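Geometric and topological summary
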Amino acid sequence: LDYLSLLHEGAHACLDWEYYQGLHEEEWNNAVAHDNNRFITKYAKDNPRREDISESFPVYVVLKYLNNRIPKEQYNKLMETIPNRLQVFDNVIPEDKMAPMSVSNYPAINYENDESQNKLVIIIPSVVGSFVLISVIIFLVLKYRYRKF
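Bear in mind the structure is a predicted one, so any value in this text is a computation, not a measurement. (Residues numbered from 1 in each chain as written. Predicted model: local features only at pLDDT ≥ 70, side-chain atom pairs only at ≥ 80, totals over all residues. Heavy atoms only, no water.)

As for the overall build of the protein
Put simply, the test is: Strands here mean DSSP runs of E at least two residues long; helices mean DSSP runs of H or I at least four residues long; both are numbered from the N terminus. Contacts: residue pairs with any heavy atoms within 4.5 Å of one another. Calculation of accessible area relied on Shrake-Rupley with a 1.4 Å probe; when residues are assessed, cover is drawn exclusively from the protein chains displayed.
Across its full length, the protein holds 7 helices and 2 strands. Along the chain direction, N to C, the helices and strands of the protein fall in the order α-α-α-α-α-α-β-β-α. Long-range pairs, those at least 24 residues apart, make up 73% of the contacts in the protein between residues at least 6 apart in sequence. When the accessible area of the protein is evaluated, it comes to approximately 8200 Å², of which 51% is carbon and sulfur surface.

In structure tokens:
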């Protein structure tokens, strides 16, 4: 199981209800509409009320916290595809709630773009991936399960 899969499943557990049918449903729907109904993967497009958040959230984490480790053109493409949903995630995880992190001393992320499956594969080095994963999941659990923020 890779880190992005854990972020994907963590998004299901912590965000789906809030943003598909809970307090923030309208905010998410507006973001999707303002993104011209573009989706980050075919899986998200085929299952927009079940997989859009969980497919988009790992990409958000990479763009937000590991952006210097992916090719610039891919970064720009991802930012242009779902900018309003990325802004929603900025509201979910405010900057002041995340520990500062630097990945400049870590090896680059292995990046593959599998066009045939419309799938972005990013393998995060284990130390960096662990830090990002743990920080994000802990914050989401505290915020949405225990209402601590």
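Structural notes on the packing of helix α1 (residues 3–21) against helix α2 (residues 25–34)
Inclusion rule: Note on geometry: axes are C-alpha line fits, over the in-contact stretch for helices, and angles between N-to-C directions span 0 to 180 degrees. For classification, angles of less than 35 degrees are called roughly parallel, those exceeding 145 degrees roughly antiparallel, those between 65 and 115 degrees roughly perpendicular, and all remaining angles oblique. Each residue is assigned to one of three groups, with Ala, Val, Leu, Ile, Met, Phe, Trp, Tyr, Cys and Pro labelled nonpolar, Asp, Glu, Lys and Arg labelled charged, and all others, Gly among them, labelled polar.
The contact between α1 and α2 brings their axes to 5 Å, and the two run at 80 degrees. One finds that α1 runs roughly perpendicular with respect to α2. Seen from α1, the contacting residues are Glu18, Tyr19, Tyr20 and Gln21; seen from α2, they are Glu25, Glu27 and Trp28. Looking at the contact of α1 with α2 residue by residue, the classes come out as 3 nonpolar, 1 polar and 3 charged.

Structural notes on α1
The condition that has to hold: In this analysis, the expected span of each helix is defined as 1.5 Å times one less than the number of residues it contains. The angle separating two fitted axes, one through the seven residues that finish at a residue and one through the seven that start at it, defines the bend at that residue. When accessible area is computed with a 1.4 Å probe and restricted to protein chains, residues below 20% of their type maximum are described as buried, those above 50% as exposed, and intermediate ones as partly exposed.
Between its terminal C-alpha atoms α1 stretches 26 Å, which fits the 27 Å expected from 19 residues at 1.5 Å a residue. Of all the bends in α1, the greatest measures close to 60 degrees and is centred on Leu15. Within α1, the full set of buried residues consists of Leu4, Leu7, His8, Gly10, Ala11, His12, Cys14, Leu15, Asp16, Glu18, Tyr19 and Tyr20.

Quick notes on the pattern of salt bridges
Which entries qualify depends on this criterion: For this document, the term salt bridge refers to a Lys or Arg side-chain nitrogen within 4 Å of an Asp or Glu carboxyl oxygen.
This model, assessed by the stated rule, comprises 6 salt bridges. Of the charged contacts, one joins Lys42 and Asp46 as a salt bridge, the two residues approaching to 2.7 Å between their closest N and O atoms. Here the residue Lys42 and the residue Asp46 both occupy positions in helix α3 (residues 42–46), the gap between them amounting to 4 residues, near one helical turn. In this structure Asp46 comes out as partly exposed when scored by relative accessible area, which is 47%. Between Asp90 and Lys64 there is a salt bridge; the shortest N-O distance is 3.1 Å.

Focus on helix α4 (residues 52–65)
Along its 14 residues, α4 runs 20 Å from first to last C-alpha, staying within 8% of the 20 Å computed at 1.5 Å per residue. Of all 14 residues in α4, 13 are buried, a share of seventy percent or more.

Description of the environment of Arg49
The condition that has to hold: Two N or O atoms form a polar contact when they lie within 3.5 Å of each other; inside protein one atom must be a possible hydrogen donor and the other a possible acceptor, and for residues adjacent in sequence the pair counts only when both atoms belong to side chains.
For Arg49, the location among the structural elements is in the loop between α3 and α4. The class of Arg49 is partly exposed, set by a relative accessible area of 43%. Arg49 has contacts with Tyr20, Gln21, Glu25 and Asn29, leaving out every residue within four places of it along the chain. From its side chain, Arg49 meets the backbone oxygen of Tyr20 in a polar contact 2.3 Å long.

Observations regarding the confidence of the model for the protein
Convention followed: Every residue is assigned a pLDDT by the predictor, reflecting its confidence on a scale from 0 to 100.
Summing up the model confidence of the protein, the mean pLDDT is 75 and the portion of residues at 70 or higher is 61%. Across residues 99–128, where pLDDT falls below 50, the model places 58 contacts with residues more than four positions away in sequence or in other chains.

Regarding the nonpolar core
Convention followed: Buried Ala, Val, Leu, Ile, Met, Phe, Trp, Tyr and Cys residues form a nonpolar core when they are joined through side-chain atoms within 4.5 Å.
Leu15, Trp28, Ile53, Phe57, Tyr60 and Phe89 are the most contacted members of the largest nonpolar core, which totals 31 residues. When residues of this core are traced back to their parent elements, those giving at least two are α1, α2, α4, α5 (72–81) and α6 (83–92). If you tally residues by element for this core, the top one is α4, at 8 residues. Ignoring any residue separated from it by four or fewer positions in sequence, one finds Trp28 in contact with Tyr19, Tyr20, Asp52, Ile53, Arg85, Val88 and Phe89.

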